[in-house]
Amino acid sequence: MPSKLSRRQFLTTSAVVGASPTLIVPQGVKPVVISDVSGIRFKNGGPVSSIEKAFELMTRGTRVIDSVVAGVQIPENDPEETGIGYGGLPNAEGVVQLDACCMDGPTKRAGGVAAIEGVRTPSVVAKAVMENTDHHLLVGEGAQKFARLMGVPIEADLNTEKSRSLWLEWKRRIDPSHYLDPEKRAEEGYRAGLSMVADGLIAEDHFWGTTNCSAVNDKGEIAGVTTTSGLSFKIPGRTGDSPILGAGLYVDGDVGAAGSTGRGEANLYGLCSFFIVEKLREGLHPKDAGMEALKRVQANTVEKRLLNDRGLPAFNLRFFALNKKGEYAGVAMYASGEAVYGVCTDNGAEERPLEPLLEGGP
Ligand code: GLY
């Protein structure tokens with residue numbers, strides 16, 4: 001085998017031309033899996049991250065959708081990852097409510113769940129919705145009942161010691177002498193959460209939660225998944241962008257995939273994952289497509305409470321995009337906090353810097 005050819009390239013190319021390694025015609029897409037930082041840093045005590053798991057499965061021939069959903073179950077199950085799945089930061093009443101969505105390019109199908117309780121891995125239920133129903137989105141109790149019918153274990157409480165103690169700290173900050181009026185209470189609750197981020201108790205990306213993972217295999221087949229515990233200490237029932245097609249995730253099997261983490265409300269107004277995939281369709285590179293979405297979000301952010309003292313968005317939002325050719329990018333409103341994303345290729349998993357739209361932090 002020529003020394004510059006990887007084993008995978010050899011297998012791919014020699015399969016095309018028969019057994020002879022002398023007639024090598026490189027073909028196919030270079031497989032890649034991308035994710036936000038959770039997909040590379042959280043391993044639930046095991047040897048591999050979510051992008052490594054997805055890459056390994058995918059390159060051994062597992063369907064891309066099955067590979068990425070298997071991958072994100074690692075951070076979903078990791079009690080140290082307080083923005084996703086088991087041990088995700090709970091809502092204002094101390095209950096962990098999770099959202100997820102997945103989309104499969106080749107079959108053009110998608111599934112999602114929102115505000116589901118008692119299930120560590122909402123991505124699995126989202127895939128079951130996609131595969132076993134004619135619907136896209138199941139929410140709340142109905143989603144949990146469906147999960148039970150699908151054989152997914154239901155637990156009484158998904159809090160860990162860590163998520164419960166952070167919720168208690170949040171309660172202490174907002175409710176020293178019981179509640180203010182509901183509007184003020186919601187504002188105070190948000191502010192108290194942000195003060196815990198500022199005090200270093202909660203990582204900024206865990207405050208909004210979420211992992212997104214998308215992949216393309218050597219046949220150009222694309223799929224993606226997004227899963228989250230959503231905004232920390234949210235009003236019960238609040239659902240963000242993650243389970244909403246076109247917002248937290250969008251895949252077009254002929255074009256590419258995009259997904260997000262960060263302030264879901266800001267993304268929902270622009271349905272940015274759909275917007276990014278449309279920009280990919282026009283031929284933009286994933287980085288440029290992501291930047292266009294961030295600019296759109298910035299332009300739509302006009303409420304004073306959402307602007308910082310520089311008149312810029314007072315929140316972060318990140319997009320991860322790849323196209324059918326296997327080109328990819330991670331972009332962010334600000335490259336602050338966890339300012340990297342994960343990429344897994346034949347060369348293994350590595351962290352890459354996010355490309356920011358704006359200088360500094362929110
Ligand atoms: N992006 C996660 C959320 O806002 O729920």
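Please refer to the structure placed before this passage.
Model, not experiment: these values are computed from the prediction. By convention here, each chain's residues receive numbers from 1 onward along its written sequence. In view of the model being predicted, local features appear only for residues whose pLDDT reaches at least 70, and side-chain atom pairs are presented and counted only at 80 or more, with totals across whole chains, interfaces and linings using the full set of residues. Excluding hydrogens and water, the side-chain figures rest on all heavy atoms present in the structure.

Trainee: How do you make sense of the site of the ligand when you look at a structure like this?
Mentor: If even one non-hydrogen atom of a residue comes within 4 Å of a molecule or strand, that residue is called near it. Taken together, Trp208, Thr210, Gly230, Leu231, Arg238, Gly240, Asp241, Ser242, Gly262 and Gly264 form the complete shell of residues around the ligand. Within the contact set of the ligand, a nitrogen atom lies 3.4 Å away from a side-chain nitrogen or oxygen of threonine 210. Here a polar contact is recorded for every N or O atom pair within 3.5 Å, except that within protein the pair must consist of a potential hydrogen donor and a potential acceptor, and residues adjacent in sequence are included only if both atoms are side-chain atoms. In this structure, an oxygen atom belonging to the ligand sits 2.9 Å away from a main-chain N or O atom of glycine 264. We get accessible surface area from the Shrake-Rupley algorithm with a probe of 1.4 Å; when it comes to residues, only the shown protein chains can shield them. Taking 200 Å² as the accessible area of the ligand by itself, protein coverage stands at 100%. Basically, the charged four are Asp, Glu, Lys and Arg, the nonpolar ten are Ala, Val, Leu, Ile, Met, Phe, Trp, Tyr, Cys and Pro, and anything else, Gly included, counts as polar. Looking at side-chain class alone, the shell around the ligand contains two nonpolar, six polar and two charged residues.

Trainee: Where do I start with the environment of threonine 62 in this structure?
Mentor: A run of H or I in DSSP becomes a helix once it reaches four residues, and a run of E becomes a strand once it reaches two; helices and strands are each numbered from the N terminus. Along the chain, the position of threonine 62 falls in the loop between α3 (50-59) and α4 (64-77). Three labels apply to residues, based on accessible area from a 1.4 Å probe with only protein chains included: buried if under 20% of the type maximum, exposed if over 50%, partly exposed otherwise in between. For threonine 62, a relative accessible area of 28% translates into the label partly exposed. Linking threonine 62 and asparagine 217, residues 155 residues apart in sequence, is a C-alpha distance of 9.7 Å. Here threonine 62 is in contact with Leu57 and Ser67, once residues within four sequence places are set aside. Only heavy atoms matter for contacts: two residues are in contact if any of them lie within 4.5 Å across the pair.

Trainee: How should I be thinking about the side chain of asparagine 91 in this particular structure?
Mentor: Tracing the chain through its elements places asparagine 91 in the loop between α4 and β2 (98-104). At 3.4 Å, the side chain of asparagine 91 forms a polar contact with the side chain of glutamine 97. Those residues in contact with asparagine 91 that lie beyond four places of it in its chain are Gln97, Trp167, Phe233, Lys234 and Pro236.

Trainee: It is not clear to me how the packing of α3 against α4 should be interpreted in this structure. Could you clarify?
Mentor: Angle between the axes and distance between the axes are the two parameters that describe a pair of packed helices. Running from N to C, α3 and α4 cross one another at 155 degrees; their axes reach a closest spacing of 7 Å. Judged by the angle between their axes, α3 and α4 are roughly antiparallel. α4 is crossed by α3, and the crossing has right-handed handedness. Counting all contacts with α3, which are made through Ser50, Lys53, Ala54, Leu57 and Met58, the residues of α4 involved are Val64, Ser67, Val68, Ala70, Gly71, Val72, Ile74 and Pro75. Residues belonging to the contact of α3 with α4 are distributed by class as follows: nine nonpolar, three polar and one charged. In this analysis an axis means a line fitted to C-alpha atoms, helices contributing only their contacting stretch, and an angle means the value between N-to-C directions, from 0 to 180 degrees. Put simply, angles under 35 degrees are roughly parallel, angles over 145 are roughly antiparallel, angles from 65 to 115 are roughly perpendicular, and the rest are oblique. Left-handed is the label given to a crossing in which the near helix is rotated counterclockwise from the far helix by less than a right angle, and right-handed is the label when the rotation is clockwise.

Trainee: Any chance you could explain unusual backbone geometry here in plain terms?
Mentor: Excluding glycine, most residues fall at negative phi; most peptide bonds, likewise, are trans. The phi dihedral of alanine 115 falls on the positive side, at around 50 degrees, and the residue is not glycine. Relative to the assigned elements, alanine 115 resides in strand β3 (residues 109-116). Residue classification places alanine 115 among the buried residues on the basis of a relative accessible area of 10%.

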